[in-house]
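# Summary of structural features
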Amino acid sequence: MKRVFSMAVDDKKIQIINYLNHEIPYYKAHKFVEWEDIEIIDKKKIQNNYKEFTRENLNMSNIFVTHTSGSSGNSLRLIKDVSIERRKNIKLWRYRNVINKEIFSSNLLYFYRNFENVSRDNVFIYDSESEELDLSKQNLKRQLTLLKDFQFESIMGPPTALNEFSIYCFEENIYFENVKYIELFGEYLYESIIQNIRNVFNNAKIVNHYGVREVGTIAIGVDSDNLFIIDDNILVEIVDDYGRVINECGKAGRIIVSSLYKEPMSFIRYDTGDTGMWRDLYNSFSLIHGRTSVKFRIGSRLITSAFFDTLFARIERDYPNSIDEFSVVQKKIDNININIKTGRKYVDSVLEYIVNSINEVGIIQIKIKLVKELAYNKSGKYIRYISIFES
């Protein structure tokens, strides 16, 4: 069976092609007419041609700059429109409200790797000294003591964090019957993690939130590996190794996304690096392979690779084009090796930045090596994280 597209989607494609051909330098130079003729791009393509994918004559009063998480091993500065991001966020919260009518009034426990997003109305699990998510048993025990008077009914966070929390609670015979909603984001959601969470939160709906920072939320799945596209301005395509569009259900390929909003920075036919397949004829697909986190021990703290994602994303923000790619290796509990492929604007001060940032989490021996190339696996992707905690 093949997928069927609505006329509304075709109309939006025409509108966005017209916008690209008039406002975004890269597309102005090519003047694409048909959607399928637009080339598939990836993060490296945009990094190497940054200004070409950014709208000319930006209205800076409605613009903010952020960055991708760095989970691919290199980060990208993003230019966002405040009003567009607000519209995306409204659509997301409306969908959350469909899943759980009490989501707006429920107490939210928020697992997050750093303290960049803070709200007085929510409670965060983090380490007060380093402001990083610490998943060690001693910290989880301490956090549970602090949470004893907070009756949370909803939880949001990355799967690795919820998995460690759930395993610890199960071992300690701690269960949460009143939690109704758990939203997981940022990583591939394994069935084993779902089971560990269910052992402790057996009354909760488990929501798989799939997205990338470049375009925002792409799709959401509830108690299922079926992911439903919730924003009619986000277009998902699945393509084979030759870039040919797959419109058949059950056939695996690369996930390509496009934002049909008139963004100040264009992400059209953008390769997410994830693999998936269509599940029905309209807007449901499932992930086959996606991003995952790896655990590292820094001093007494157990953190995830999200710490390093954020660290190198901040370096890209503060020292643009200084680092092309990186990898982190921990084969012994008392030391960490970091390999860096330098960028065209590399400066030595980033090394001090890296060491100081890690030492704020914990004291550990750090060895940094500048390399021309990083190690690659059979699939052609370089090996970003190696840890003694990997199974």
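The preceding data block contains the structure.
Structural notes, computed from the coordinates. Computed from a predicted model, the values in this text were never measured in an experiment.

### A short note on the packing of helix H5 (residues 137-146) against helix H6 (residues 159-171)
The contact between H5 and H6 brings their axes to 11 Å, and the two run at 75°. One finds that H5 runs roughly perpendicular with respect to H6. Residues Lys137, Leu140, Lys141 and Leu144 of H5 form the contact with H6, whose participating residues are Glu164, Phe165, Tyr168, Cys169 and Glu171. When its residues are assigned to classes, the contact of H5 with H6 shows 5 nonpolar, no polar and 4 charged.

### Some remarks on the sheet that holds strand E19 (residues 385-387)
Taken in spatial order, the 4 strands make up an open sheet running E18-E17-E16-E19, and their pairing is mixed. Two strands bound the open sheet, and with one partner strand each, they are strand E18 (365-371) and E19. On average, each strand axis in the sheet is inclined to that of its neighbour by 15°, with strand direction left out of account. As defined by bridge partners, strand E16 (residues 323-332) adjoins strand E17 (residues 335-342) across 7 bridges and the pair is classed as antiparallel. In the sheet register, Phe326 faces E17, and the bridge partner there is Ile340. Sitting on the sheet, helix H8 (residues 306-318) is in contact with E16, E17 and E19, with an inclination near 155° to E16.

### Here's the deal with helix H4 (residues 82-99)
The terminal C-alpha atoms of H4 lie 26 Å apart, and with 18 residues this matches the ideal 26 Å at 1.5 Å per residue to within 8%. Taken together, the buried positions of H4 are occupied by Ile84, Lys88, Leu92, Arg96 and Ile99. The arc that holds the buried residues of H4, viewed along the axis, is 115°, so those residues lie on one side. Those residues of H4 that are exposed and angled more than 90 degrees off the buried face are Arg86, Arg94 and Val98.

### Concerning unusual backbone geometry
Residues other than glycine seldom take positive phi values, yet Arg269 does so here, at roughly 55°. On the accessibility criterion, Arg269 (3% relative accessible area) is buried. Positioned with a positive phi, Asn321 is a non-glycine residue whose angle comes to about 65°. Mapped onto the fold, Asn321 is located in the loop between H8 and E16.

### Examining the pairing of strand E2 (residues 77-81)
By the criterion of burial, E2 is predominantly enclosed, with 4 of the 5 residues buried. One ladder, built from 5 bridges, connects strand E1 (residues 63-67) with E2; its direction is antiparallel. Note that in E2 the partner of Thr66 across the bridge is Leu78.

### Re the nonpolar core
The biggest cluster of nonpolar side chains holds 42 residues, and the ones touching the most others in it are Tyr27, Ile218 and Phe285. At 5 residues, the largest contribution of residues to this core is made by helix H1 (residues 7-23). Setting aside residues no more than four positions away along its own chain, Tyr27 makes contact with Leu20, Asn21, Phe32, Ile38, Ile41, Phe53, Ser266 and Ile268. The next biggest cluster of nonpolar side chains, apart from the first, holds 28 residues, and it includes Phe150, Ala161, Ile182 and Phe201.

### A word on H8
Here H8 is 13 residues long and its end C-alpha atoms lie 18 Å apart, about the 18 Å a rise of 1.5 Å per residue gives. Most of H8 is tucked away: 10 of the 13 residues are buried. For H8, every residue scored as buried is listed here: Ala306, Phe307, Phe308, Asp309, Thr310, Leu311, Phe312, Ala313, Ile315 and Glu316.

Rules of the game
- Residues numbered from 1 in each chain as written.
- Predicted model: local features only at pLDDT ≥ 70, side-chain atom pairs only at ≥ 80, totals over all residues.
- Heavy atoms only, no water.
- Axes fitted to C-alpha atoms, helices over the stretch in contact; angles between N-to-C directions.
- Helix = DSSP H or I, 4+ residues; strand = E, 2+ residues; numbered from the N terminus.
- Parallel < 35°, antiparallel > 145°, perpendicular 65-115°, else oblique.
- Contact = heavy atoms within 4.5 Å.
- Nonpolar A, V, L, I, M, F, W, Y, C, P; charged D, E, K, R; others polar.
- Pairing = 2+ DSSP bridges.
- Expected span 1.5 Å × (residues − 1).
- Buried < 20%, exposed > 50% of the residue type's maximum accessible area, 1.4 Å probe, protein only.
- Arc of directions from axis to C-beta.
- Core = buried A, V, L, I, M, F, W, Y, C linked by side-chain atoms within 4.5 Å.

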